[in-house]
Amino acid sequence: MHVEYEEFDTVEDIFRYMASVIPPMKNTMPINSYKGYVFSIIPLSPSTGDVYLLIYTKGTLDGKILEYDINANSYKTVNAIERADKVYFIVMTPKRNTLVDQALKNL
């Protein structure tokens, strides 16, 4: 396994990045909050699973649905995914993530 890293200053920066790379017509994405980091793991070699990009920043998020407004570069907690013009992040807080544990050790 090989991990590449891209560090951001804020959670909003990660949301802006993720919103710009998601496939068209998809407005819901998972984001992880784990061990003091907010991150997403993107497979760069989907067929073999050998290379990953870990985009991250220091911070924590509650395990909820967040609505991100790319124009205002802000997010808020919501109870439901309702608007097609917004990007939503479902915050996952794993109990254990061995891939990230290894990546953080190498960081």
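Cut-offs applied
- Residues numbered from 1 in each chain as written.
- Predicted model: local features only at pLDDT ≥ 70, side-chain atom pairs only at ≥ 80, totals over all residues.
- Heavy atoms only, no water.
- Core = buried A, V, L, I, M, F, W, Y, C linked by side-chain atoms within 4.5 Å.
- Buried < 20%, exposed > 50% of the residue type's maximum accessible area, 1.4 Å probe, protein only.
- Helix = DSSP H or I, 4+ residues; strand = E, 2+ residues; numbered from the N terminus.
- Polar contact = N/O pair within 3.5 Å; in protein donor to acceptor, adjacent residues only side chain to side chain.
- Pairing = 2+ DSSP bridges.
- Axes fitted to C-alpha atoms, helices over the stretch in contact; angles between N-to-C directions.
- Contact = heavy atoms within 4.5 Å.
- 1 Å grid on protein atoms, 1.4 Å probe; cavity = no way out; pocket = protein on both sides within 12 Å on 5 of 7 lines; lining within 4 Å.
- Points joined across faces, edges and corners; volume = space filled by probe spheres on them.
- Nonpolar A, V, L, I, M, F, W, Y, C, P; charged D, E, K, R; others polar.

## Quick look at the nonpolar core
The tendency in soluble globular proteins is for nonpolar side chains to be buried as a group. Grouped together as the largest cluster of nonpolar side chains are 18 residues, with contacts concentrated most on Phe 15, Ile 31, Leu 61 and Phe 89. Elements with a minimum of two residues in this core: helix H1 (11-21), strand S2 (28-34), strand S4 (51-58), strand S5 (65-69) and strand S7 (87-92). Among the elements that line this core, the one with the most residues is H1, at five residues. In this structure, Tyr 37, Phe 39, Val 100 and Ala 103 belong to the second largest nonpolar core, which totals eight residues.

## A look at the environment of Ser 20
On the secondary structure map, Ser 20 appears in helix H1. Note on Ser 20: relative accessible area 54%, which makes it exposed. Of the polar contacts made by the side chain of Ser 20, one reaches the backbone oxygen of Tyr 17; its length is 2.7 Å.

## Quick word on the sheet that holds S7
What links the strands of a sheet is backbone hydrogen bonding, and the strands pair in either a parallel or an antiparallel sense. In spatial order, the strands read S1-S4-S3-S2-S7-S5-S6; together these seven strands make up an open sheet with mixed pairing. Each edge of the open sheet is held by one strand with a lone partner, namely strand S1 (2-7) and strand S6 (74-78). Recorded for the sheet is a direction-independent mean angle of 35 degrees between the axes of neighbouring strands. Across the sheet, H1 is in contact with S1, S2, strand S3 (37-43), S4, S5, S6 and S7; its angle to S4 comes to roughly 145 degrees. Relative to S3, helix H2 (residues 98-106) is tilted by about 105 degrees, and along the sheet it contacts S1, S2, S3 and S4.

## Quick look at empty space enclosed by the protein
Per the counting criterion, the structure on display carries one cavity of 30 Å³ or more. In this structure, the largest cavity is lined by Val 3, Ile 41, Tyr 52, Leu 53, Leu 54, Leu 99, Val 100 and Ala 103. The set of elements that each furnish at least two residues to the lining of the largest cavity consists of S4 and H2. Of the residues contributing to the lining of the largest cavity, the split by class is eight nonpolar, no polar and no charged.

## A look at the pairing of S5
Within S5, four of the five residues are buried, which leaves it mostly tucked inside the rest of the structure. Alignment of S5 against S6, held across five bridges, turns out to be antiparallel. Within S6, the position partnered with Ile 65 by the bridge is Val 78. Between S5 and S6, which pair antiparallel and follow one another directly, the connecting turn spans four residues, one of which, Asn 73, has a positive phi of 50 degrees. Relative to S7, S5 runs antiparallel, the two sharing four bridges.

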